[in-house]
Structure formats: C-alpha cells, structure tokens
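Fold and geometry: a report
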Amino acid sequence: MLTLSQINWPEYPLKPEVRVSIRRTATHLLLHYHVSEPAVRAQEAEDNGSVWEDSCCECFIKAPESDVYYNIECNCVGTLLIGLGAGRNDRKRYQPACLAPVRRTASLGRTAFGLRQEPTEWELELEVPFSLLPELHDDGQRTDYVGNVYKCGDLLPQPHFVTLFPIQTPSPDYHRPEFFQPLPF
C-alpha cells in the first residue's frame, strides 16, 4: 500500500494516516483505502452529493495522452461521486443510477451517521468498472495512468487535505492535472 503524506497547505497541518492500494483487473479499477483519523464524518447519504465535506478519499486519474480526467470521490460509508472533464469548471457528473455498478465495501457500514468525534480507523474498497471510464482507453492490461490520490475532510473539526503527490497552489485545489504523476499499480 502507498502512504499519502503530502501536506501542501501549512494552514491545514493535520495528516491522518492514509494508505491506498491501486490495482486493476481486466474489467475493473480497484481502490482500497485504509484510514485512521481523529474524527470521522459521514453526512452525505446520496450519490453525487458533497462527499468531500465528509471523511473522503479521492482518486483522480487519466490516460497520459488525454486531457480528460476522472474524479472518483467517496466518503467513508461508500457514498460516491464520479465526474469527468478537462478541468475544474467543465466537469460532468455521472447520474446516481449510472453509479450502481460500482461495488463499494465500507468497514463503517453504508449508512450515513453524521459526525463522530473520536479516533476512528476505517477501510473503503471500490471496484469501478472500466465501462464507466471510457476515456481511459483501456485494453484490459493498461497501467500507465497518471493522477493523484487525496484524503480530505472539508467540514471535519480539523479540516485536512493530504495528497499522494505534491500540489503547488496557494490553497487546496485537487483539480490540478498539471501536478498528476504516474500512478503506481
């Protein structure tokens, strides 16, 4: 597993323990997150909502030859948001019905519970069909994707923004493909 350890914005010094595994099968992108943080929030219960305000893990991914990238964002109870586009302002979000084929396993269950102000360890697994990610031009074996992996919690008692690869912006902004790097599969 890879460790997310980049603190890019000193005004947000909290660094929860976050590890991620990125794998693939012939048909699915597999993401497995392991998180330990001082508080946990799961307010968003419906797909396509503001999951980044909760205890959230995100993988932004694209084919190196493409301008279009996917943002795959999921809170700690498996509430999901997937979008695509070439930048922050031209995102197209998948409708919730389109997200049904994504298998989600959340160690905290699948029901929103609000805020728990206690140290919490949790895991999240996602199996995203490549059929939902056509811009990745998948051949069933490709692993040369670029992107970044993030952990955030915008509305937690201590907001945090931790990344796998560094981002050089004045304030938190994950929609910055110029800072994407090869994702280790």
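See above for the structure.
Every chain begins its residue count from 1, and numbering advances along the sequence as written. Only residues with pLDDT of 70 or above have their local features reported here, since the model is predicted, and side-chain atom pairs are shown and tallied only from 80 upward, although totals for entire chains, interfaces and linings are computed over all residues. Just so you know, side-chain values use all the structure's heavy atoms and leave hydrogens and water out.

Examining the overall build of the protein chain
Each helix is a run of DSSP H or I of at least 4 residues and each strand a run of E of at least 2, with the numbering of both proceeding from the N terminus. Looking only at helices and strands, one finds zero helices and 15 strands in the protein chain. Principal-axis analysis of the C-alpha atoms gives the protein chain an extent of 45 × 35 × 30 Å. For the exposure calls, accessible area comes from a 1.4 Å probe over protein chains only, and a residue counts as buried if that area is under 20% of its type's maximum, exposed if over 50%, partly exposed in between. Looking at the 185 residues of the protein chain, the share that counts as buried comes to 52%. The Shrake-Rupley method, run with a 1.4 Å probe sphere, supplies the accessible areas, and residue values consider only the shown protein chains as cover. Counting every atom, the protein chain has about 8300 Å² of accessible surface; 47% of that belongs to carbon and sulfur. Charge separation in the protein chain, taken as the distance between the mean sites of 17 positive and 25 negative side-chain charges, equals 2 Å. Counted as positive: Lys and Arg. Counted as negative: Asp and Glu, with His and the chain ends omitted from the count. Just so you know, the charge point we use is NZ for Lys, CZ for Arg, CG for Asp and CD for Glu.

Brief notes about the layout of surface pockets
Its volume calculated, the largest pocket comes out at about 290 Å³. Grid points spaced at 1 Å over the protein atoms alone were grouped into cavities, where a 1.4 Å probe fits but cannot get out, and pockets, open sets with protein on both sides within 12 Å along at least five of seven lines, with lining residues defined by an atom within 4 Å of a point. The wall of the largest pocket is formed by 16 residues, among which W52, E58, E73, R88 and H175 lie closest to the centre. Counting residues per element, the ones that place at least two in the lining of the largest pocket are β7 (69-75) and β8 (80-85). All amino acids are sorted into three groups, where Ala, Val, Leu, Ile, Met, Phe, Trp, Tyr, Cys and Pro are nonpolar, Asp, Glu, Lys and Arg are charged, and the leftover types, Gly among them, are polar. The class makeup of the residues in the lining of the largest pocket is six nonpolar, three polar and seven charged. Grid points are joined across faces, edges and corners, and a volume is the space filled by probe spheres set on the points.

Considering the sheet that holds strand β3 (residues 17-24)
Here a strand pair is declared whenever DSSP counts at least two bridges between the two strands. The strand order across the open sheet built from five strands is β1-β3-β4-β12-β10, with neighbouring strands paired in antiparallel fashion. Looking along the sheet, the strands with just one partner apiece sit at the ends: β1 (2-3) and β10 (103-106). As paired elements, β1 and β3 share two bridges and run antiparallel to each other. Each bridged residue has a counterpart across the sheet, and for L2 the counterpart in β3 is V20.

Side note on the environment of P119
In this fold, P119 is placed in the loop between β11 (114-116) and β12 (120-129). Throughout, a residue-residue contact means that at least one pair of heavy atoms, one from each residue, lies within 4.5 Å. When neighbours within four sequence positions are excluded, P119 is seen to be in contact with E37 and P38.

Remarks on unusual backbone geometry
The phi dihedral of N48 is positive, around 80°, even though this residue is not glycine. Inspection of the secondary structure assignment puts N48 in the loop between β5 (40-42) and β6 (56-62). We note that H137 has phi near 45°; this positive angle belongs to a residue other than glycine. Within the element layout of this structure, H137 appears in the loop between β12 and β13 (146-152). By relative accessible area, which is 45% here, H137 ends up partly exposed.

Let's talk about the nonpolar core
Buried together is how nonpolar side chains tend to be arranged in soluble globular proteins. We call a set of buried Ala, Val, Leu, Ile, Met, Phe, Trp, Tyr and Cys residues a nonpolar core when their side-chain atoms join them within 4.5 Å. Membership of the largest hydrophobic core comes to 40 residues, with the highest contact counts inside it found for L29, I61, Y70, I72, I82, L133 and V149. Among the secondary structure elements, those contributing two or more residues to this core are β3, β4 (28-37), β5, β6, β7, β8 and β12. Setting aside residues no more than four positions away along its own chain, L29 makes contact with I22, R23, I61, I72, L126, E127, V128, F130, L133 and F185. Among the nonpolar cores identified, the runner-up in size contains 14 residues, and W9, C56, C152 and F161 belong to it.

Brief notes about the pairing of β12
Here β4 pairs with β12 via 10 bridges, running antiparallel. Within the sheet, the bridge partner assigned to S36 lies in β12 and is E121. Here four bridges tie β10 to β12, and the two strands are oriented antiparallel to one another. Looking at the pairing, A106 lines up with L124 of β12.

Observations regarding the pattern of salt bridges
Any Lys or Arg side-chain nitrogen located within 4 Å of an Asp or Glu carboxyl oxygen qualifies as a salt bridge. Taken as a whole and assessed by the stated rule, the structure comprises 11 salt bridges. The closest approach of N and O atoms between E37 and K151, which form a salt bridge, is 3.0 Å. Residue E37 is located in strand β4, and its partner K151 is located in strand β13; the two are separated by 114 residues in the primary sequence. R88 is the salt-bridge partner of D173, the closest N and O atoms lying 2.6 Å from each other. Here D173, found in the loop between β14 (161-163) and β15 (181-182), pairs with R88, found in the loop between β8 and β9 (92-93); they are 85 residues apart in sequence, far enough to count as distant. A relative accessible area of 15% places D173 in the buried class. By relative accessible area, R88 is classed as partly exposed at 43%. Within the structure, one salt-bridge network assembled from shared partners comprises R88, D173, R176 and E178.

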